[in-house]
Amino acid sequence: MGGSRELADTCVLRLERVTKRYRQGPRELTVLREVDLSLWPGELLVVLGPSGSGKTTLLNLMGGLDRVSTGHIRFGELDLATATAAQLTHYRRHHVGFVFQFFNLVPNLTAYENVELAAYLVEQPLPVDDLLEQFGLADRKTHFPAQLSGGEQQRVAIARAVVKRPALLLCDEPTGALDYETAKDVLGLIQELPERFGTTVVLVTHNQAIATIGHRVIRLRSGEVVAVSRNETPLAASELIW
Amino acid sequence: MTGSVLRRRLYRQLRQQRWQTLAVAAVIAIGTLLGIGLRSAHRDLAAARDRFYARQRIAGFWIRLKRAPRRQAIAQASRCARWVEGRIVREARMMKDTADRDPTTVLAVSLPAGRRPRVNDVRLIAGRYFEVGTRPEGIVGRAFAHAHGIRPGSHLRLLLGGRVVSIRVIGIALSPEFVYLLAPGSIVPDPARYGVVFLPEEFMEQATGLRGAVTELVGRLRGNSRPERRAALRMLERSLSPYGVLDAHDLEEHASHRYLSDEIRGLAVFGVVIPTLFLIVALLVLQVILWRQVDQDRPVIGVLKALGYPDLHVAGYYAAHALSIGLLGVAAGLAGGALLHRAMIAVYRQFFELPGLEARFHPADYAIVLALGIGTAATAAARAVWVAWREPPAAAMRPAPATTPGLSRLLPRRWPLLARIAGSYLVRRPLRSLAGIAAVALATSMLLVGLLSYDSTIAVLDHHYRHVERHDWSAWLRDYRDVQAVREIAHRVRAPLAEGVGTVPATIQHGRYRMDGAVLLLPESPRLFVPWESDSSSRGIVPHGSSGVALSRWLAKKLAVRAGDRVTLRIRVADRRVVRVRVLRLVDDYLGLFVYAPMTLARKLVGHPRLVNRLLLLSPQGDVAQRLAGYPSVVTVRNRRVERAILWRMVTKLTVTYVALLVGFAAVLLFSSLLNVVLVSLMERRRDYATLLALGFCNRELGGMLAGELAVLVLTGTAAALPLGITLTHALIRLYNTDYFRMPLVVHPHTLVAVVIAAAVFGTAVWVVAVWQVARGRWQDWLRSRE
Ligand SMILES: Nc1ncnc2c1ncn2[C@@H]1O[C@H](COP(=O)(O)OP(=O)(O)O)[C@@H](O)[C@H]1O
Ligand SMILES: [Mg+2]
């Protein structure tokens, strides 16, 4: 027990026997069962699993968007399982960045403003202008989401997620709505994030090929972790083929 | 209409949005309910009146005479009229065993014994009619009988013609001419203190000492149109003038008929205007809901069409959506309307002595209101149906192009981001926002209409019973008397202050306009009856010593008279003079058509220096009434406070009921429209809200954003509602006003403040619901998929 506590001190997030059930009418549906998992600083973790295996649910739990049914998710001293709503909001606000499959940009704000929207939440955000330039969006700042391509929208979304300097970046099928080439571009960007910004990145995908870019891969099936593997030499996103 | 799967989806959709569905259905229900209630009550009241008038042969004219020989008077009248009846009408005092403060007066009206009168026949509720003879028997009006516990077989002691007569009650009856029985100068029935008793003709002649004479002629005027009949009445009046005409009026001017018919007319107006306004709001709100629905459903529409559903089929879905809500509302409205209808008839039965006044089922009205309710839903669905019908499947399946920046570019760049987001929502779909604001504005203005009409009614009562009438007691005299005689009475009943007023019927003419009203002869500086604005500094009717008159502003408008103009007064009593006088000022009054003249004009108008038929007394003592009642020339005695109290009771029954109904419904309307507009916005933006929450914004910040949006909605809505409500009330009052009773538009600042506060409270309540919806909803799931 003492050993695991030591580990918990150094890992970013620790999931202990996390179970999530949804009540559907009279029946209960177990979507995640007894998941144990630690996230390490600067790691790119890929969660791989077929559709419906509970990936999004897992991500939502880690991001404090939803609550576990049983188990614990520890972030430092904070246990997301027992945290108050205000504590969860604080956790999301200061420590987590989200990237969604369908971008979820606020439609009536410009690219710049969408990033600004997140920057506004923290005391020392990254400079928005620099970030957009680094992401190749310098001449797209004043565009509204509807005027951007899918790849550009997702870059804005990623910028919006990292501008807060989150400890944890959670990406839910970030390339799911993109074409092959664009998807590779975006994955390249995501792959650089741990090094550039020092964040831990969790990348959720159903695509076996993509798994090769992570440091570590966990496989999920029907809500259970069926395998954990380590990539000693992750593949560069640009070399991916699927 | 649509396949069973679509039907199931619709059912689910309606259940999911049950609060919205119910809120819109409620508005339609209220519109329908008011439509049914008011229209049906209107029909019942009008039908009961017409039936009663027809069966009992209501008279077309009433001419009050000092005294005329029966045979000659009838013969003369028959030249311009049919079915003429001569009768004796006298006020009598009811003698009671217990002494009470307020004397009870009855109007004793003679009826031919052994035959029914040609006009104004009574309808017996109990007992029998008079047989030939001179027996001291009486038939008593129903309301009066109820108020005093009188039944056939009871005995009544009346002070009639200077002596006390004992009368055996043989029947209880209703009379078409006394459906709404008013004591002279009064505007509310008071059956405890004033009633009607019918007595056999010969007995009446004996008791009053008017053998072979009559004091009133009633009958039907010849002529097919009102102008023709009015001309006949004028001729009749002139030919009877040797007998001393005290008053002559036709059915339209007959007080009971006027009050009854004004109420019926008011119901007709309100029964159309108010439900229409409610349905307009329902239309606006439902439209907003369906617009959003069809926007959100575009992929579904695309898929259905791609699957091969015909365009019409897909469009039908949205029609079905609207019609389901419409039908739900209409069904509830019809049921509620039937209840309102019954309740209204029950209230009217207390005020109007009408036989057969019952809540009847009027299929035509139900059909019309049903059609209107459904029509509202169908109109609201029009655009959604059109879009669903026309949209090519490919276009529908492409993601909505609705996110063009458009007007949001115009928002100031310096606003905080959340404010910019909130602002851009409002301007992004300007039509939808406008529809929302219009609904809120209309709902708020209905609230204002309710409160303002209450204020206006109260203002009339306040004006009349506080500023104009300032006496304690007023006594109506049988005939005109010299003011000196009146002073003597006042002296003898030991009233510290007394004034005499002369009411002289007259036709007022200016150029080609003419109106029938009365000249009120008042002391030069009246203190007990002060007919003008309370803020006026001058206390005289007209400047002292000047020989002119003051005119009611209403009358002046009708006659196109301005201060300084001359009008012609055709006096309709005494020697029927025609006099030209100058109008020196205009005054505000709300009851009747009056010319106010100083007593110094009496000689010029009626050939007598000081003619008076009403005595006003200031005296706090209660026994003044009994002492006054001892004078045979005194017909009725009224206490101003008692009368005001009765009026209040009636106002609280009728007006307050209506106002409470209207205000209550308007409140539902306001809440419902606010709630719907906000819920629709919420549905539309829930993905954005979820994104904001995921980013780490807290509920408080979202709440603030929602509050800002709601504040804009409520503030613009209310800002538009204030002028709109005032204008609407003004229009309604104009429709409702008559020559006999009219209301000023009174706008108290505190009423406006109350409406603003109400809107703010509802806004806050809706805000709480909205915040609760966001906090309670599984917003995590809103992020998952593409909508
Ligand atoms: N709100 C919910 N209520 C009930 N079941 C849900 C809910 N959200 C997700 N699920 C179920 O949980 C399972 C996992 O969903 P999800 O985490 O979205 O899977 P993935 O992201 O791997 O495709 C699915 O079977 C899904 O139907
Ligand atoms: Mg998923």
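Per-chain numbering applies: the sequence of each chain, read as written, is numbered from 1 onward. To read the labels, note that chains go from A and ligands from 1, taken in the order they are written. The predicted nature of this model means local features are confined to residues of pLDDT at least 70 and side-chain atom pairs, given and counted, to a pLDDT of 80 or more, with totals for whole chains, interfaces and linings taken over all residues. The side-chain values count all of the structure's non-hydrogen atoms but skip hydrogen atoms and water molecules.

### Some words on the domain arrangement of chain B
Residue and element names in this part refer to chain B. The domain limits used here are those given by an automatic or database domain assignment. Along its sequence, chain B is carved into domain 1 (1-57 + 254-401), domain 2 (61-88 + 220-252), domain 3 (89-209), domain 4 (404-470 + 640-787) and domain 5 (473-619). For domain 2 versus domain 5, the separation of C-alpha centres amounts to 26 Å. At the interface, ten residues of domain 2 touch eight residues of domain 5. Once two parts are joined, some of their accessible surface, as seen by a 1.4 Å probe, is lost; buried area is that loss totalled over both. For the pair domain 2 and domain 5, the summed buried surface comes to about 750 Å²; carbon and sulfur atoms form 35% of the total. Contact with domain 5 buries area across many residues of domain 2, yet Arg234, Glu237 and Leu246 alone supply 50% of it, more than any other trio. By convention in these notes, a salt bridge is any Lys or Arg side-chain nitrogen within 4 Å of a carboxyl oxygen on Asp or Glu. Our enumeration of links across domain 2 and domain 5 arrives at five salt bridges. Contacts between residues were defined by any pair of non-hydrogen atoms, one from each residue, lying within 4.5 Å.

### Notes on the sheet that holds strand β4 (residues 70-75) of chain A
The strands that make up a sheet pair up through hydrogen bonds in the backbone, lying either parallel or antiparallel. Residue and element names in this part refer to chain A. By definition, two strands form a pair when at least two bridges between them are found by DSSP. In this description a helix means any DSSP run of H or I spanning at least four residues, a strand means any run of E spanning at least two, and both kinds are numbered starting from the N terminus. Strand order in the open sheet made by the four strands is β2-β1-β4-β5, with antiparallel pairing throughout. Lying at the two open borders of the sheet, with one neighbouring strand each, are β2 (27-39) and β5 (78-79). Alignment of strand β1 (residues 13-24) against β2, held across nine bridges, turns out to be antiparallel. Across the sheet, the residue bridging to Arg21 is Thr30, located in β2. Each of β1, β2 and β4 touches helix α2 (residues 55-62); the most contacted strand, β1, lies at about 120 degrees to it. The axes used here are C-alpha line fits, helices contributing only the stretch in contact, and every angle between their N-to-C directions lies in the interval 0 to 180 degrees.

### Focus: the packing of aromatic side chains
All names here are of chain B. Side-chain rings of Phe, Tyr and Trp (the six-membered ring for Trp) are treated as a pair once their centres are within 6.5 Å; stacked means planes under 30 degrees apart, edge-to-face means over 60, and tilted covers the remaining angles. On inspection of all chains with the given rule, the structure shows 16 aromatic pairs over all chains. Geometrically, the ring pair formed by Tyr317 and Tyr318 is edge-to-face, given 5.1 Å between the ring centres and 80 degrees between the ring planes. The classification of residues rests on relative accessible area computed with a 1.4 Å probe and restricted to protein chains. Under 20% of the type maximum is buried, over 50% is exposed, and intermediate values are partly exposed. With a relative accessible area of 2%, Tyr317 lands in the buried category. A relative accessible area of 2% places Tyr318 in the buried class. Note on Tyr425 and Tyr689: the rings are 6.4 Å apart at their centroids and 80 degrees apart in plane angle, and the pair reads as edge-to-face. Remark: Tyr689 occurs in helix α19 (residues 655-695) and Tyr425 occurs in helix α12 (residues 417-428); sequence separation between them is 264 residues.

### Things to note about helix α7 (residues 255-296) of chain B
Residues and elements named next belong to chain B. To estimate how far a helix should extend, the number of its residues minus one is multiplied by 1.5 Å. When the terminal C-alpha atoms of α7 are compared, their 61 Å separation across 42 residues agrees well with the 62 Å that a helix rising 1.5 Å per residue should span. Where α7 bends most, the angle comes to about 25 degrees, and this point is Phe270. A large share of α7 lies buried, amounting to 30 of its 42 residues. Given a residue, its bend is the angle between the two axes fitted to the seven residues that end at it and to the seven that start from it.

### Looking at the side chain of Arg292(B)
All names here are of chain B. Structurally, the position occupied by Arg292 is in helix α7. A positive count includes Lys and Arg, and a negative count includes Asp and Glu. His and the chain ends are not counted in either. Buried charge without a partner: Arg292 forms no salt bridge, and the closest opposite charge is Glu684, 5.3 Å away. If sequence neighbours within four positions are ignored, Arg292 has contacts with Gln17, Arg432, Val680, Met683 and Glu684.

### Quick word on helix α3 (residues 70-77) of chain B
Residues and elements named next belong to chain B. Of all the residues in α3, the buried ones are Arg70, Ala73, Ile74 and Ala77. Buried residues in α3, looked at end-on, bunch into an arc of 95 degrees, giving them a common side. Each element contacted by the buried residues of α3 is listed here: β1 (61-69), β2 (81-87), α5 (201-208), β10 (213-221) and α6 (226-240). The reported arc concerns the directions from the helix axis to the C-beta atoms and nothing else.

### Observations regarding the packing of helix α2 (residues 18-56) of chain B against α19(B)
All names here are of chain B. For the pair α2 and α19, interaxial distance at closest approach is 9 Å and the crossing angle is 150 degrees. Viewed along their axes, α2 and α19 adopt a mutual orientation that is roughly antiparallel. The handedness of the crossing between α2 and α19 comes out as left-handed. Here Trp19, Gln20, Ala23, Val24, Ala26, Val27, Ile30, Leu33 and Leu34 of α2 come into contact with α19, specifically with Phe665, Val668, Leu669, Ser672, Asn676, Leu679, Val680 and Met683. When residue character is reported, Ala, Val, Leu, Ile, Met, Phe, Trp, Tyr, Cys and Pro are called nonpolar, Asp, Glu, Lys and Arg charged, and the others, Gly included, polar. Considering only residue class, the contact of α2 with α19 consists of 14 nonpolar, three polar and no charged. Roughly parallel means an angle under 35 degrees; roughly antiparallel, over 145; roughly perpendicular, 65 to 115; everything else is oblique. By definition, turning the near helix anticlockwise from the far helix through less than a right angle yields a left-handed crossing, and turning it clockwise yields a right-handed one.

### Points about the pattern of salt bridges
Residues and elements named next belong to chain B. Across all of its chains, the model carries 60 salt bridges over all chains by this definition. Among the ionic pairs, Lys558 bridges to Asp739, the shortest N-O distance being 3.2 Å. Remark: Asp739 occurs in the loop between α20 (699-736) and α21 (749-776) and Lys558 occurs in helix α15 (residues 553-558); sequence separation between them is 181 residues. Using a relative accessible area of 38% as the deciding quantity, one classes Lys558 as partly exposed. Through salt bridges with shared partners, a single network forms among Arg226, Arg230, Arg234, Glu237, Asp250, Glu252, Glu253, Asp516, Arg572 and Arg576.

### Some thoughts on the site of ligand 1
Residue proximity to a molecule or strand is established when one non-hydrogen atom of the residue lies within 4 Å of it. Around ligand 1, the surrounding shell holds 14 residues, and the nearest of these are Gly52(A), Thr56(A), Thr57(A), Asp781(B) and Arg784(B). Positioned at a junction of chains, ligand 1 has nearby residues supplied by chains A and B. Within the contact set of ligand 1, an oxygen atom lies 3.1 Å away from a backbone nitrogen or oxygen of Gly54(A). Definition of a polar contact: a pair of N or O atoms within 3.5 Å, with one able to donate and the other able to accept a hydrogen when the atoms are protein atoms, and with sequence-neighbouring residues admitted only if both atoms are side-chain atoms. At 2.9 Å from a nitrogen atom of ligand 1 is found a side-chain nitrogen or oxygen belonging to Asp781(B). Residue burial considers only the protein chains on display, and all accessible areas are found by Shrake-Rupley using a 1.4 Å probe. For ligand 1, whose unbound accessible area comes to 560 Å², protein coverage reaches 72%. Elements represented by at least two residues in the shell around ligand 1 include exactly β1 and α2 of chain A. Of the residues forming the shell around ligand 1, the biggest block, three residues, is contributed by α2(A). Among the residues forming the shell around ligand 1, the class breakdown is three nonpolar, seven polar and four charged.

### Points about the sheet that holds strand β6 (residues 96-99) of chain A
All names here are of chain A. Reading across from one edge, β6-β7-β8-β3-β9-β10 is the order of the six strands in this open sheet, with mixed pairing throughout. Two strands close off the open sheet at either side, each with one partner strand: β6 and β10 (224-230). Each strand of the sheet is rotated relative to its neighbour by a mean of 20 degrees, with strand direction disregarded. Pairing of strand β3 (residues 44-48) with strand β9 (residues 216-221) involves four bridges; the strand directions are parallel. Note on β9: the bridge partner recorded for Val46 is Val217. This element, helix α7 (residues 180-197), spans β3, β7 (168-172) and β8 (200-205) of the sheet and lies at about 150 degrees to β8.

### As for the interface of chain A and chain B
Contacts between the two partners involve 29 residues from chain A, matched on the other side by 29 residues from chain B. Contact between chain A and chain B buries roughly 2800 Å² in total, counting both sides, with carbon and sulfur atoms accounting for 58%. When residues of chain A are sorted by the area they lose upon contact with chain B, Phe102(A), Asn104(A) and Asn108(A) head the list and together hold 20% of the total. Arg93(A) is paired through a salt bridge with Glu701(B); the nearest N and O atoms lie 3.0 Å apart. If you look at where chain A meets chain B, you find seven residue pairs in polar contact (both at pLDDT 80 or more). Looking at the side of chain A that touches chain B, the elements that each hand over two or more residues are α2, α3 (85-95) and α4 (111-119) of chain A. It is α4(A) that provides the largest number of residues to the side of chain A that touches chain B, a total of four residues. In terms of residue class, the side of chain A that touches chain B is built from 15 nonpolar, seven polar and seven charged.

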